[in-house]
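# Report on the structure
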Amino acid sequence: MITGRLLSGAPTVAAFGAIFEQTTSVFSMTSSSSSASAVTPADGASIVDATDESPDALRDEIRLTLAERGLEQVFGARDQSLRRIERAFDVSITARGGEVTVRGDAASTVEHLLRGLVELATRGQRIRQQDVRTAIRVLQQDPTISLVDFFVPGDATLLAARGKVQPRSLNQHLYMKAMLDHDIVVSIGPAGTGKTFLAVAMAAAALLESRIKRIVLARPAVEAGEKLGFLPGDLAEKVNPYLRPLHDALHDLIGFDKASRLMEKGIIEVAPLA
């Protein structure tokens, strides 16, 4: 009977030992898992890290110190320019004087924008609302471009032209530089994008800088299959509607009286391409 009890009790002790070992191993796994920073989820499960529930925690944050001079022009009245920059780049900007914190995926681009505008203001450049809009548009097209080189070109002709007209996009800036670097520049684009006006501005600036002696403005005088012979008046009256944009650009850039005198002397000539 004793032997039978021992034989029947042996499996019970063995089973209890196995259960104790399994319980101990599960407890140790749970303890180690709770102290670990990450746990591999089972199939179909997901783990959410709730240590930081702020949406800005996963976004870039840059803190910068800006010069005090010109900040009111860069930030705008009641920080209007900062709000405009926030909407354009989907960032959050907090400013306390010259201490600025930028949060967002485009924080580095906004830092480049603010530093460029402040440097322009430090150099004495007046920062207007339209300049801020232009800077935003330019950096959206090319985040690496220098705003100082864009707004204050080193070439005298470009600088003289900037006194008359200011490019409002990266393509207009490249267009003006191309006219300075190349003899022939072909520009295409929809109406109202500054193709004619910028070309006349560059020509007028080069004339005022004595880089050229004469300007010949040419424009196609026949459009949509029309012929000049069917139009009333002499040749000047026939082609005047087609050359009106060139005249308007000259009058806006160098004045009506001066443009008229230069045209009478033959320094500026408008020649139709018929």
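What you see as residue numbers is a count from 1 along each chain, following the sequence as written. Under the rules for a predicted model, residues below a pLDDT of 70 receive no local features and side-chain atom pairs below 80 are neither given nor counted, while totals for whole chains, interfaces and linings still include all residues. As a rule here, side-chain values cover all heavy atoms of the structure and leave hydrogens and water aside.

### Concerning the overall build of the chain
Helix and strand definitions follow DSSP, with helices as H or I runs of at least four residues and strands as E runs of at least two, each counted in order from the N terminus. The helix and strand tally for the chain stands at 11 helices and 5 strands. The classification of residues rests on relative accessible area computed with a 1.4 Å probe and restricted to protein chains. Under 20% of the type maximum is buried, over 50% is exposed, and intermediate values are partly exposed. Put simply, the chain has 274 residues, and 32% of those count as buried. Here, two residues are considered to be in contact whenever any of their heavy atoms come within 4.5 Å of each other. Pairs at least 24 residues apart make up 59% of the contacts formed inside the chain by residues separated by at least 6 positions. When the accessible area of the chain is evaluated, it comes to approximately 17400 Å², of which 55% is carbon and sulfur surface. Using a 1.4 Å probe, the Shrake-Rupley method yields the accessible areas, and only the shown protein chains count as cover for residues.

### Focus on the nonpolar core
Put simply, a nonpolar core is a bunch of buried Ala, Val, Leu, Ile, Met, Phe, Trp, Tyr and Cys residues held in one set by side-chain atoms that sit within 4.5 Å of each other. Counting 34 residues, the largest nonpolar core has Ile85, Phe89, Val102, Leu113, Leu114 and Leu117 as the members making the most contacts within it. Secondary structure elements with two or more residues in this core: β1 (61-65), α2 (71-75), α3 (80-89), β3 (99-103), α4 (107-122), α5 (129-141) and α6 (147-151). Residue contacts for Phe89: discarding those within four places in its chain leaves Ala106, Thr109, Val110, Leu113, Ile136, Leu139 and Gln140. Formed by 23 residues, the second largest nonpolar core is a distinct cluster that contains Ala201, Ala249, Leu250 and Val270.

### Comments concerning a nonpolar patch on the surface
Every patch collects residues that have over 30% relative accessible area and no salt bridge, joining them within 9 Å if they carry like charges and within 5 Å if they are nonpolar side chains (Val, Leu, Ile, Met, Phe, Trp, Tyr). When a carboxyl oxygen of Asp or Glu is within 4 Å of a side-chain nitrogen of Lys or Arg, the pair counts as a salt bridge. Among the surface-exposed residues, Ile184, Val186 and Ile188 lie close enough to one another that they form a single nonpolar patch of about 420 Å² accessible area. Inspection of the secondary structure puts Val186 in the loop between α8 (170-181) and α9 (195-208). Residue class for Val186 comes out exposed when judged on its relative accessible area of 73%.

### Let's talk about the pairing of strand β2 (residues 92-96)
In this sheet, β3 lies alongside β2 in antiparallel orientation, the contact comprising 5 bridges. Bridge pairing links Ile93 to Val102 in β3. Counting the residues in the hairpin turn of β2 and β3 gives 2 residues, including Gly97, whose phi is positive at 70°. At least two bridges found by DSSP between two strands is the condition for calling them paired.

### Some thoughts on the sheet that holds β2
The strand order β1-β3-β2 describes an open sheet built from 3 strands, whose pairing is antiparallel. Looking at which strands have only one partner, the edges of the open sheet turn out to be β1 and β2. Sheet twist, expressed as the mean angle between neighbouring strand axes with direction ignored, is 15°. Relative to β1, α4 is tilted by about 15°, and along the sheet it contacts β1, β2 and β3. Angles shown run from 0 to 180 degrees and are taken between the N-to-C directions of axes, each axis being a line fitted to C-alpha atoms and, for helices, limited to the stretch in contact.

### Overview of the pattern of salt bridges
Side chains that differ in sign of charge can pair as their charged atoms come close. The full count for this structure, using the stated rule, is 9 salt bridges. Between Glu61 and Arg63 there is a salt bridge whose closest N-O contact spans 3.0 Å. With relative accessibility at 40%, the residue Glu61 sits in the partly exposed group. Residue classification places Arg63 among the exposed residues on the basis of a relative accessible area of 66%. For the salt bridge of Asp131 with Arg128, the shortest nitrogen-to-oxygen distance reads 3.2 Å.

### What about the packing of α8 against α9?
Packing of α8 against α9 brings their axes to within 10 Å, and their N-to-C directions diverge by 40°. The pairing of α8 with α9 is recorded here as oblique in orientation. In this structure, the crossing between α8 and α9 has a hand that is right-handed. Residues Gln172, Tyr175, Met176, Met179 and Leu180 of α8 form the contact with α9, whose own contacting residues are Lys195, Leu198, Ala199 and Met202. Residue classes follow a fixed rule: Ala, Val, Leu, Ile, Met, Phe, Trp, Tyr, Cys and Pro count as nonpolar, while Asp, Glu, Lys and Arg count as charged, and any other residue, Gly among them, counts as polar. Here the contact of α8 with α9 is built from residues that sort into 7 nonpolar, 1 polar and 1 charged. Angles below 35 degrees are treated as roughly parallel, those above 145 as roughly antiparallel, those between 65 and 115 as roughly perpendicular, and all remaining angles as oblique. Each crossing is labelled by how the near helix is turned from the far one, with a counterclockwise turn of less than a right angle marking it left-handed and a clockwise turn marking it right-handed.

### As for the pairing of β1
Residues Ile62 and Leu64 of β1 are buried on one face, while the alternating residues Glu61, Arg63 and Thr65, pointing to the opposite face, are not. Of the strand pairs in this sheet, β1 and β3 are connected by 5 bridges, and their pairing is antiparallel. Of the residues in β3, the one forming a bridge with Arg63 is Thr101.

### Some thoughts on the packing of aromatic side chains
Pairing of aromatic rings covers Phe, Tyr and Trp, the last through its six-membered ring, and needs centres within 6.5 Å; plane angles under 30 degrees mean stacked, over 60 mean edge-to-face, and all others mean tilted. Evaluation of the coordinates by the stated rule reveals 1 aromatic pair. An angle of 80° between the planes, with centres 5.1 Å apart, marks the rings of Phe150 and Phe151 as edge-to-face. We classify Phe150 as buried; its relative accessible area is 0%.

That's the geometry; what it means functionally is another story.
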